[in-house]
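Structure at a glance
For reference, the chains in residue letters:
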Amino acid sequence: MKSLLVLLSSLLLWSSVQAGPVNTQGWGNNAIEGYDPVAYFTESKPVRGDSDYSYKWQGANWRFSSAENRERFIQNPTAYAPQYGGYCAYAVANNYTASIDPSAWTIVDGKLYLNYSKSVQKTWSRDIPGYIQKGNKHWPELKETL
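Residues numbered from 1 in each chain as written. Predicted model: local features only at pLDDT ≥ 70, side-chain atom pairs only at ≥ 80, totals over all residues. Heavy atoms only, no water.

**Overview of the overall build of the chain**
The test is simple: Numbering of helices and strands runs from the N terminus, with a helix taken as a DSSP run of H or I at least four residues long and a strand as a DSSP run of E at least two residues long. Three exposure classes are used, based on accessible area relative to the maximum for each residue type with a 1.4 Å probe and protein chains only: buried under 20%, partly exposed in between, and exposed over 50%. In what follows, residue pairs with any heavy atoms lying within 4.5 Å of each other are defined as contacts. In these tables, accessible area is a Shrake-Rupley quantity obtained with a 1.4 Å probe, and a residue counts as shielded only by the protein chains included in the view.
In terms of regular secondary structure, the chain is built from 7 helices and 4 strands. Looking at the chain as a whole, 44% of its 146 residues qualify as buried. For the chain, restricting intrachain contacts to residue pairs at least 6 apart in sequence, the fraction spanning at least 24 positions comes to 58%. Of the roughly 7,600 Å² of accessible surface on the chain, 51% is carried by carbon and sulfur atoms.

The following block contains the structure:
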């Protein structure tokens, strides 16, 4: 029973980290500045999405580099969507939001984290587990202010 409660609380935390507003700052309502979220996982690099392969989810337009990637996302968006609504993971860990640079990214435990810049990513990489823990703590309240 205790392990079931731990699993359920983990799932609730996971959904609270995933759910919420999506960062589309200045990009015509496109998430991740129009980059393909699936490509980070399948190609290990940021790849610009194409408007021919788009999907609306959580109020934002998500673009993909192929119909296959779009279909993968549709089947399981939370597996590919960046954490904290696509806002800078370092900023969220420090209790504020900031835009991102699609080329400043990391996948940790199967989850995509984005950062404001490569220099911020370097700082974030010094204590990724600590920043994730702080980000998971701050995100539920931060997303309410967006």
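On we go.
**Description of unusual backbone geometry**
What is expected of a backbone is that most residues other than glycine have negative phi and most peptide bonds are trans. The residue isoleucine 32 is not glycine, and still its phi comes out positive at about 50°. Structurally, isoleucine 32 is set in the loop between helix H1 (2-18) and helix H2 (37-42). The class for isoleucine 32 is buried, based on a relative accessible area of 3%. Positive phi outside glycine occurs at glutamine 58, with the angle close to 50°. Following the sequence through the fold, glutamine 58 ends up in the loop between strand E1 (50-57) and strand E2 (60-64).

**Brief notes about the packing of aromatic side chains**
Convention followed: Within 6.5 Å between ring centres, the rings of Phe, Tyr and Trp (the latter by its six-membered ring) count as paired, and their orientation is classed by plane angle as stacked under 30 degrees, edge-to-face over 60, tilted in between.
A complete count under the given rule lists 12 aromatic pairs for this structure. With 5.2 Å between their ring centres and 70° between their planes, tyrosine 90 and tyrosine 131 make a pair best called edge-to-face. Placement of the pair is tyrosine 90 in helix H5 (residues 89-93) and tyrosine 131 in helix H7 (residues 128-142), with a sequence separation of 41 residues. Through a chain of ring-to-ring contacts, the aromatic side chains of Tyr55, Trp57, Trp62, Phe64 and Phe73 assemble into a single cluster.

**With respect to empty space enclosed by the protein**
Rule in force here: Here a cavity denotes grid points, spaced 1 Å and computed from the protein atoms alone, that fit a 1.4 Å probe unable to get out, and a pocket denotes an open set having protein on both sides within 12 Å along at least 5 of 7 lines; residues with an atom within 4 Å of a point are the lining. Grid points are joined across faces, edges and corners, and a volume is the space filled by probe spheres set on the points.
Scanning all chains against the criterion turns up 2 cavities of 30 Å³ or more. In this model, the second largest cavity occupies a volume close to 30 Å³. Residue lining of the second largest cavity: Asn23, Ala31, Ile32, Pro82, Gly85, Gly86, Ile100 and Leu114, and that is the complete set.

Everything listed here is a matter of geometry and, on its own, says nothing about what the molecule does.
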